[in-house]
Amino acid sequence: MVSFLLAEGVVLSVVCVVASALVLYYYTKGNWRLIRPRAALPLLFVAFVATVCPVGLLVVDIEWGTTEEEVNGVLYTAWKVVFWLTQALSWVVLPVLQEYAVSGEFTTSARLKDSVKANAKLYAVMGVVLVGLLVYVAVLKGVTAANVSGLAVASSNAFGLLLIILFLGYGLAQLPRSLWYHSIRENTLSLHRWCAPAAHEALETNELRFSDLRLFVSKAAAAAAARGSRPPPARTLPGLGPQQQQQQQQQPPDAANAGVSAELAHIQSLLAADAGGANVGADRVSSYLDDDADLKKIDVGTQKGLVQLHAKVIHKKAELESLAYQWGRLVDDVIYLEEMEKLRMNPRDGTARRYTLGWLDQMYHLYVREAAFKAAAVFCGLLSVALLWSFAVATPVGHLSVVKYLVVDGGARVPLLQQFALLVLLPYAAAACYWSLFRLKLFELNFLVPHFSHPANLCFTAVFLCRLIIPLCYCFLNICGLVGEDGKSVAYTQAVIANMNTVVLLGENFNRYMPCLLLIVVAGTLTDFFPKLLSKCGLDVVAFSSCNDDPDRIQEGTDLLRQERSTRERSRRHLYAINPLRNLEDVEESSA
């Protein structure tokens, strides 16, 4: 048994590490060399591993705990390391890296100091809350190492459960719906066309803002250069002789002006790099420049003003790059789907075959994709129903929990049932939760873009991953009925939640009943109430019913996408005119 669990643990660890590396590579493929500081990428990799490996660790831990009577010391130590590592990453390391990535300071030490200062408010609020809870614990039970540890676990678990309710509830309801909806090519096309007007408007607005910044920085740099080229005014300083006065007048231009010019030149170099923006008329740029109240407040003649301007440029460039990539990918997907539809109607269409990867790709999209997506949707739907039913009955009538039966009751008689629950249901719950988090688009910048995600966005996502993985493991143990005396031989219960009842309000009863609230989120998601509510609050959440209720917006998106495609076709014909041998195979195939 021990050798089997050891081998299984090694295999699951390797799978988790490889999966973490692939996810991080997917989101940083195009800009990983530009991520600063250089330690950010390794730390992000550690954060991703620390939020995926606990899934495999919990599988081994449950298998051990349901067959043995004593807690495994190695698993106990592993849970301690994972818990405190995720806490350190989510509350200290990653927030500092996130602020570092958007800081407007010009040196490494200054950016690090600025990032710590930006997180000082968070640390101050956390300190006040922690002191209050410590006083509460000291009055009731005294201050001991176990009580302090239990206080930290209870507070972290309570916050993580709120995230679980939101992300897991949304994911369990929306993931099967999304798979079924996208199984039909026409639905996917309608959704892309519905999203096109908002994506195009956001890109065009940010192009104008970016050009606005270029004009502002150019004017500031010209003014700084003019100030630096003028000699200092003649001054008669008391206490200096004639020769010393002459030497004073021959001093070079003010060093502060030289520093301002150098830093403005650095900002101009960021703006000079193409961020995906288009050429914008000077009159439109000037109108935006006049209306931008934030730029009017920036005094580029001071160090503080330069830092503010630098931070604004970093933010706007990252935002524009993300929006430009999203728009380009949206257009690519629509063109591809339209060509596949043409190929389905006419398999001998040579122009449509130019947009596919080969005959396997054609066979998959024409004959396999729809059935595969629908089968996956049905399978995920069944898993979601099993998990939601288990969450609903786990605390009041735990013996009715489907997951508990598979893991404990039926798993003792048929080990394959336990393996199915641990290797399918648990990873699916984690995948649904992570899927929701990776789709989150909060404010203007905090969302992930494949290949070109900003390091601040990656840190923002990794922070939430680290904060919800431990509570997610607790929720799964709860629906398995392995919390409390029934799970005394499970290392997680002894290493993480043994002293959680130190704070009565955040103790075991709170953590057992709190996950039931995700049923409210599920109901709101299935009825599209929460997606519509969140979209009105400024969050980019798409309700499938909205696509069918707004044909005018779909038509507007169709026109925009058709115009963009025509522009691309003209560019392609221009390239063929310059170099007739370019993509010769595509030309021959299209004429076949």
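Residues numbered from 1 in each chain as written. Predicted model: local features only at pLDDT ≥ 70, side-chain atom pairs only at ≥ 80, totals over all residues. Heavy atoms only, no water.

Engineer: Got a minute to help me understand the overall build of the protein in this structure?
Structural biologist: Scanning the protein for helices and strands turns up 24 helices and 0 strands. Counting only contacts in the protein whose residues sit at least 6 apart along the sequence, the fraction spanning at least 24 positions is 76%. Element-wise, carbon and sulfur atoms account for 63% of the exposed surface of the protein, whose accessible area totals about 29600 Å². (Helix = DSSP H or I, 4+ residues; strand = E, 2+ residues; numbered from the N terminus. Contact = heavy atoms within 4.5 Å. Areas by Shrake-Rupley, 256 points an atom, 1.4 Å probe, with all protein chains shown as cover.)

Engineer: Explain the nonpolar core to me, please; I cannot follow it from the model alone.
Structural biologist: One recurring pattern in soluble globular proteins: nonpolar side chains tend to sit buried together. In this structure, W79, L94, L168, F476, Y492 and V496 are the most contacted members of the largest nonpolar core, which totals 89 residues. Counting residues per element, this core draws most heavily on helix α17 (residues 455-479), at 18 residues. Apart from the residues within four sequence positions on either side, Y492 is in contact with D61, W79, N157, I470, C473, Y474, L477 and I497. If you look at the next biggest cluster of nonpolar residues, it comprises 15 residues, including L203, F210, L330 and L337. (Core = buried A, V, L, I, M, F, W, Y, C linked by side-chain atoms within 4.5 Å. Buried < 20%, exposed > 50% of the residue type's maximum accessible area, 1.4 Å probe, protein only.)

Engineer: Just to check I follow, could you spell out the pattern of salt bridges for this structure?
Structural biologist: Once their charged atoms are close, side chains differing in charge can pair, the charge on each being opposite to the other. Evaluation of the coordinates by the stated rule reveals 10 salt bridges. For R185, the salt bridge is made with E341, and the minimal N-O distance between the two is 3.3 Å. Residue R185 is found in helix α7 (residues 185-229), and its partner E341 is found in helix α12 (residues 303-345); the two are separated by 156 residues along the sequence. Accessibility expressed as a relative area gives 10% for R185, which makes it buried. Overall, E341 belongs to the buried group, its relative accessible area being 18%. A salt bridge links E338 to R193; its shortest N-O distance comes to 3.1 Å. Within this pair, whereas E338 is found in helix α12, its partner R193 is found in helix α7, the two being separated by 145 residues in sequence. (Salt bridge = Lys/Arg side-chain N within 4 Å of Asp/Glu carboxyl O.)

Engineer: Can you walk me through the side chain of S20 in this structure?
Structural biologist: Locating S20 in the fold gives a position in helix α1 (residues 2-28). On the basis of relative accessible area, S20 is assigned to the buried category, the value being 1%. Residues contacting S20, with those up to four places away along its chain left out, are F45, F48, V49 and V52.

Engineer: I'm lost on a nonpolar patch on the surface in this one. Help?
Structural biologist: The grouping of L6, V10, V14, V18 and L22 at the surface amounts to a nonpolar patch, some 470 Å² of accessible area in total. You can see V10 is positioned in helix α1. You can call V10 partly exposed: its relative accessible area is 47%. (Patch = residues over 30% accessible without salt bridge, like charges linked within 9 Å, V, L, I, M, F, W, Y side chains within 5 Å.)

Engineer: Would you take a moment to explain the packing of helix α15 (residues 402-413) against helix α16 (residues 415-438) for this structure?
Structural biologist: Between two packed helices, both the angle of their axes relative to each other and the distance between the axes serve to describe the pair. Viewed as axis vectors pointing N to C, α15 and α16 meet at an angle of 150°, and their least axial separation amounts to 6 Å. As summarised for this structure, α15 and α16 are arranged roughly antiparallel, according to the angle between their axes. The handedness of the crossing between α15 and α16 is left-handed. From α15, V403, Y405, L406, V407, G410, G411 and R413 reach across to α16, where they touch P415, L417, Q418, F420, A421, L422 and L425. Across the contact of α15 with α16, the residue classes tally to 10 nonpolar, 3 polar and 1 charged. (Axes fitted to C-alpha atoms, helices over the stretch in contact; angles between N-to-C directions. Parallel < 35°, antiparallel > 145°, perpendicular 65-115°, else oblique. Left-handed = near helix turned anticlockwise from the far one by under 90°. Nonpolar A, V, L, I, M, F, W, Y, C, P; charged D, E, K, R; others polar.)

Engineer: Got a minute to help me understand the packing of aromatic side chains in this structure?
Structural biologist: Two measures describe an aromatic ring pair: the distance that separates the ring centres and the angle between the ring planes. Taken as a whole and assessed by the stated rule, the structure comprises 10 aromatic pairs. With a centroid separation of 6.3 Å and an interplanar angle of 85°, the aromatic rings of F167 and F464 are classed as edge-to-face. Residue F167 is found in helix α6 (residues 145-183), and its partner F464 is found in helix α17; the two are separated by 297 residues along the sequence. Neither F167 nor F464 differs from the other in exposure class; each is buried. Directly above the aromatic system of F373 lies the positively charged group of R369, at a separation of 4.6 Å from the ring centroid. The residue whose ring lies beneath R553 is W194, and the NZ or CZ to ring-centre distance is 3.8 Å. (Phe/Tyr/Trp six-rings, centres within 6.5 Å; stacked < 30°, edge-to-face > 60°. Lys NZ or Arg CZ within 6 Å of the ring centre and 35° of its normal.)

Engineer: Looking at this structure, I do not really get the packing of α1 against helix α2 (residues 40-65). What am I missing?
Structural biologist: It is the contact of α1 with α2, at a shortest axis distance of 8 Å, that shows an interaxial angle of 150°. Taken together, the axes of α1 and α2 lie roughly antiparallel to each other. The handedness of the crossing between α1 and α2 comes out as right-handed. Grouping the amino acids of the contact of α1 with α2 by side-chain chemistry returns 19 nonpolar, 5 polar and 2 charged.

Engineer: Any chance you could explain a negative patch on the surface here in plain terms?
Structural biologist: On the surface, a cluster of negative charge is contributed by E201, E204, D552 and E556. At the level of elements, α7 and α23 (551-578) are the ones that each hand at least two residues to the negative patch. Note on placement: D552 falls in helix α23. (Lys, Arg positive; Asp, Glu negative; His and termini not counted. Charge placed at Lys NZ, Arg CZ, Asp CG, Glu CD.)

Engineer: Sorry if this is basic, but what is going on with unusual backbone geometry here?
Structural biologist: Glycine aside, residues mostly have negative phi, and peptide bonds are mostly found in the trans state. Phi at H451 takes a positive value of approximately 80°, unusual for a residue other than glycine. Its place among the elements puts H451 in the loop between α16 and α17. One non-glycine residue with positive phi stands out, namely D528, at about 65°. With respect to the helices and strands, D528 occurs in the loop between α20 (518-526) and α21 (529-536).

Engineer: Before we go on, may I ask you to explain the environment of L526 in this structure?
Structural biologist: With respect to the helices and strands, L526 occurs in helix α20. Exposure remark for L526: the relative accessible area of 47% places this residue in the partly exposed category. Along the sequence, L526 and A173 sit 353 residues apart, while their C-alpha atoms lie 6.4 Å from each other. Once residues within four sequence positions are removed from consideration, L526 is found in contact with A173 and R177.

Engineer: Quick question: what am I supposed to make of the confidence of the model for the protein here?
Structural biologist: Low pLDDT marks stretches whose predicted atomic positions should not be read closely. Averaged over all residues, the pLDDT of the protein is 78; the fraction at 70 or higher stands at 75%. Predicted confidence is poor over residues 247-256, with pLDDT under 50, and the contacts of this stretch with residues over four places away or in other chains come to 9 contacts. This stretch, residues 276-288, has a pLDDT under 50; its non-local contacts, to residues over four places away or in other chains, come to 19 contacts. (pLDDT = per-residue confidence, 0-100.)

Engineer: Help me out: how do you make sense of α20 in this one?
Structural biologist: In an α-helix, one full turn covers 3.6 residues, which means residues spaced three or four apart are oriented alike. For α20, the complete set of buried residues consists of L518, V521, V522, G524 and T525. Mapping the buried residues of α20 onto a view down its axis gives an arc of 165°, with all of them on the same face. Count one or two residues on from α20 and you reach D528, which has phi positive near 65°. (Arc of directions from axis to C-beta.)

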